[in-house]
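Spelled out from the first residue to the last, the chains are:
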Amino acid sequence: MSKTAALSVDVLVLGAGPSGLSAAWDILKDRRHSVHVVEASERVGGRTFNHTLPSGILIERGGTWAGPTQTALLALAKDLGVAIKSGKPEGKTFYGFGGRWNKVEFPSEIAPIEAQRDFERAMATFEALCRTVPTNAPWTAPAAKTLDAMSVGDWIRANTHLDESRAWLTGCIRKLQGGDPDKVSLLWMLHFIQSASFEDLLDTAEDYRFVGGAQSISLNIANRLGDRLWLNAPATRIDQTARDWIAIETPRGSSGGAPNDRGDDAGLVARHRFRAGVTSRSSTPNHRVGHHELDQVSRDL
Ligand SMILES: Cc1cc2nc3c(=O)[nH]c(=O)nc-3n(C[C@H](O)[C@H](O)[C@H](O)COP(=O)(O)OP(=O)(O)OC[C@H]3O[C@@H](n4cnc5c(N)ncnc54)[C@H](O)[C@@H]3O)c2cc1C
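Once that is clear, we can look at the nonpolar core. Counting 23 residues, the largest nonpolar core has Val 37, Phe 210 and Leu 225 as the members making the most contacts within it. Looking at this core element by element, the count peaks at 5 residues for helix 1 (residues 18-30). With residues near it in sequence (within four places) discarded, Val 37 still touches Val 13, Gly 15, Ala 16, Leu 21, Ala 24, Leu 225, Arg 228, Leu 229 and Trp 230. Grouped together as the second largest cluster of nonpolar side chains are 22 residues, Met 123, Leu 147, Val 152 and Leu 187 included.

Turning next to the packing of helix 2 (residues 71-80) against helix 9 (residues 215-225). For the pair helix 2 and helix 9, the least separation of the axes is 10 Å and the interaxial angle reads 50°. Considered as vectors, helix 2 and helix 9 are oriented oblique to each other. Considering how the two elements wind past one another, helix 2 and helix 9 form a crossing that is left-handed. In contact with Leu 73, Leu 76, Ala 77 and Leu 80 of helix 2, helix 9 contributes Ile 217, Asn 220, Ile 221 and Arg 224. A per-class count over the contact of helix 2 with helix 9 returns 6 nonpolar, 1 polar and 1 charged.

Here we take up the pairing of strand 2 (residues 11-14). Bridge count for strand 2 against strand 3 (residues 35-38) is 4 bridges, and the pairing is parallel. The residue of strand 3 that forms the bridge with Leu 14 is Val 38. Taking the sense of rotation as the criterion, the β-α-β connection linking strand 2, helix 1 and strand 3 turns out right-handed.

What follows is about the pattern of salt bridges. Counted according to the given criterion, the structure contains 12 salt bridges. Residues Asp 30 and Arg 32 are paired through a salt bridge, measuring 3.0 Å at the closest nitrogen-oxygen approach. According to the relative accessible area criterion, Arg 32 is exposed, its value standing at 65%. Of the charged contacts, one joins Asp 182 and Arg 157 as a salt bridge, the two residues approaching to 2.7 Å between their closest N and O atoms. Within this pair, whereas Asp 182 is found in the loop between helix 6 (163-177) and helix 7 (186-196), its partner Arg 157 is found in helix 5 (residues 152-159), the two being separated by 25 residues in sequence. For Asp 182, a relative accessible area of 40% gives the class partly exposed.

Mean pLDDT over the chain works out to 80, with 76% of the residues at or above the 70 mark. Within the model, the stretch residues 261-270 combines pLDDT values under 50 with 8 contacts to residues more than four positions away or in other chains. The low-confidence segment residues 278-295, where pLDDT is below 50, has 41 contacts with residues more than four positions distant or belonging to other chains.

What counts and what doesn't
Residues numbered from 1 in each chain as written. Predicted model: local features only at pLDDT ≥ 70, side-chain atom pairs only at ≥ 80, totals over all residues. Heavy atoms only, no water. Core = buried A, V, L, I, M, F, W, Y, C linked by side-chain atoms within 4.5 Å. Buried < 20%, exposed > 50% of the residue type's maximum accessible area, 1.4 Å probe, protein only. Helix = DSSP H or I, 4+ residues; strand = E, 2+ residues; numbered from the N terminus. Contact = heavy atoms within 4.5 Å. Axes fitted to C-alpha atoms, helices over the stretch in contact; angles between N-to-C directions. Parallel < 35°, antiparallel > 145°, perpendicular 65-115°, else oblique. Left-handed = near helix turned anticlockwise from the far one by under 90°. Nonpolar A, V, L, I, M, F, W, Y, C, P; charged D, E, K, R; others polar. Pairing = 2+ DSSP bridges. Right-handed = clockwise from strand over helix to strand, strands pointing away. Salt bridge = Lys/Arg side-chain N within 4 Å of Asp/Glu carboxyl O. pLDDT = per-residue confidence, 0-100.

See below:
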């Protein structure tokens, strides 16, 4: 049986992907609070993942590029000393459907195939819908409730006419969010794209890359965290029912802390008990929707 430990910290971060680690890095730099990160898998980086091929070539699987609207990510890389370089991919892009490969020409200059026209029509409708969602208050969008009740997958099925364009658009969305369009709210997706801007998505989203690969941002923070980070430690239980204590359990040990320094604010913290549906590394959400379902492979780091 593995040795377990008990920790008491001010801030406990669940998940050592780019979001969790950037939060932990801010807290570490600030020095006013203690921080600890628990990560379900055996590595950091979440859906960013550097990988070395048997030939020795380093490639990136998962998150790779950044665009100028990803200001927080670019500032984080700069802060950590991770160099940024121009990332425009060269060469031609092909997509496969039913064993047939087509060159992607978007926007099309030569007569497009029917599926491409259908795809472009759907994209234009999607873009118009994105523009109805205010980035600072998405819930005030006209029809916000309806958009939130609908999945992106439902929307794609209702707005494409051919299996091929449907598969193409579904692939684009899967690539963007790294998961199943049927499991994501349409409102969330529209807001996600609108906050980066549609122009960035089409024109500049692949302007930059990180020397050493996007995962090096997480690896860099993990180094600085040292033993304040636990790998192979999925949070399996979170208990917020006590008034002055939040307890978290992982197979490596448990962790806990006061919800807030000030007793009067404690009432604002939702009190619930949560048992995560993760019991092992292979069933973490990341493994369900991440690299095993979809890979984006690029080299030349
Ligand atoms: C194929 C692909 C291509 C992509 N391309 C790009 C791109 O070019 N540019 C771009 O900006 N973005 C891209 N993305 C998206 C980008 O990778 C994600 O936006 C980013 O990784 C999200 O970071 P995160 O920390 O929020 O989540 P994640 O990276 O998913 O990290 C979450 C972490 O939490 C851990 N975790 C989950 N449950 C628990 C638990 N109960 N206890 C402990 N730990 C837990 C997971 O193991 C994981 O490490 C791509 C994604 C994929 C899949």
